[in-house]
Amino acid sequence: MHELALAQQILHIVIQTSQEYNFLTVSKIKIKAGELLAVVPEALEFSFKIISQNTVAENAQLIVQQEQAIAQCQHCSLEYPWLKYGYQCPSCKKQGGTIIRGRDLTIDYLEGD
Ligand SMILES: [Zn+2]
């Protein structure tokens, strides 16, 4: 239950943020999930619905947007889609790409009252 653990992380941040902004209810949460996390959006939404009961985010709509995994070549600094080319740079053809995006889960925005 990978999605359940992620849903718990999201809920934790949402609760903290709503305390900062004095939200009584949270209506919308948009998150960006890195491609490499291989999140199933429906599973994440379902898990979140269950664990957010009786919290500030109880009726919140969770919107999951997948974020493309990007690697950067250490030789020519090119940024390219990792799932397509892996560690080999499509420009200079050298091995040694480093993944710079696509592994994280971030909250893009939060709406509440
Ligand atoms: Zn390169």
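Criteria and cut-off values
- The residue numbering used here restarts from 1 in each chain and proceeds along that chain's sequence as written.
- Where totals are concerned, whole chains, interfaces and linings use all residues; where local detail is concerned, this predicted model gives features only for residues with pLDDT of at least 70, and gives and counts side-chain atom pairs only at 80 or more.
- Partly exposed residues are those whose C-beta has more than 12 but fewer than 20 other C-beta atoms within 10 Å; with 20 or more the residue is buried, with 12 or fewer it is exposed, and the C-beta atoms are placed from the backbone.
- Starting at the N terminus, helices and strands are each numbered in turn, a helix being any DSSP run of H or I of at least four residues and a strand any DSSP run of E of at least two.
- This arc corresponds to the set of directions leading from the helix axis out to the C-beta atoms.
- Contact between two residues is assigned when their C-beta atoms, built from the backbone, lie within 7 Å.
- Here the rule is simple: two strands pair whenever DSSP picks up at least two bridges between them.
- For helices, the fitted axis covers only the stretch in contact; all axes are lines through C-alpha atoms, and the angles between them, taken along N-to-C directions, range from 0 to 180 degrees.

Looking now at helix α2 (residues 41-51). Looking only at α2, the buried set comprises L44, S47 and F48. End-on, the buried residues of α2 take up no more than an arc of 100°, which puts them together on one face. Exposed residues lying more than 90 degrees from the buried face of α2 are E42 and I50. Looking at the packing, one finds that the buried side of α2 touches α1 (2-20) and β2 (61-67).

One open sheet accounts for three strands, arranged β4-β3-β5; its pairing is antiparallel. Both outer strands of the open sheet, β4 (79-81) and β5 (97-101), are each paired with one neighbouring strand and no more. Put simply, the sheet's adjacent strands are angled 40° from each other on average, direction ignored. Where strand β3 (residues 70-73) and β5 come together, four bridges link them in antiparallel fashion. Following the sheet pairing, C73 is matched in β5 by G97.

Before going further, it helps to spend a moment on the environment of V39. Examined against the element boundaries, V39 turns out to sit in the loop between β1 (26-34) and α2. Under the C-beta neighbour-count criterion, V39 is labelled partly exposed, with 19 such atoms within 10 Å. Note: C-alpha distance between V39 and I99 (60 residues apart in sequence) is 18 Å. Sequence-distant contacts of V39, defined by excluding residues within four places in its chain, comprise E3, L6, A33, L44 and V64.

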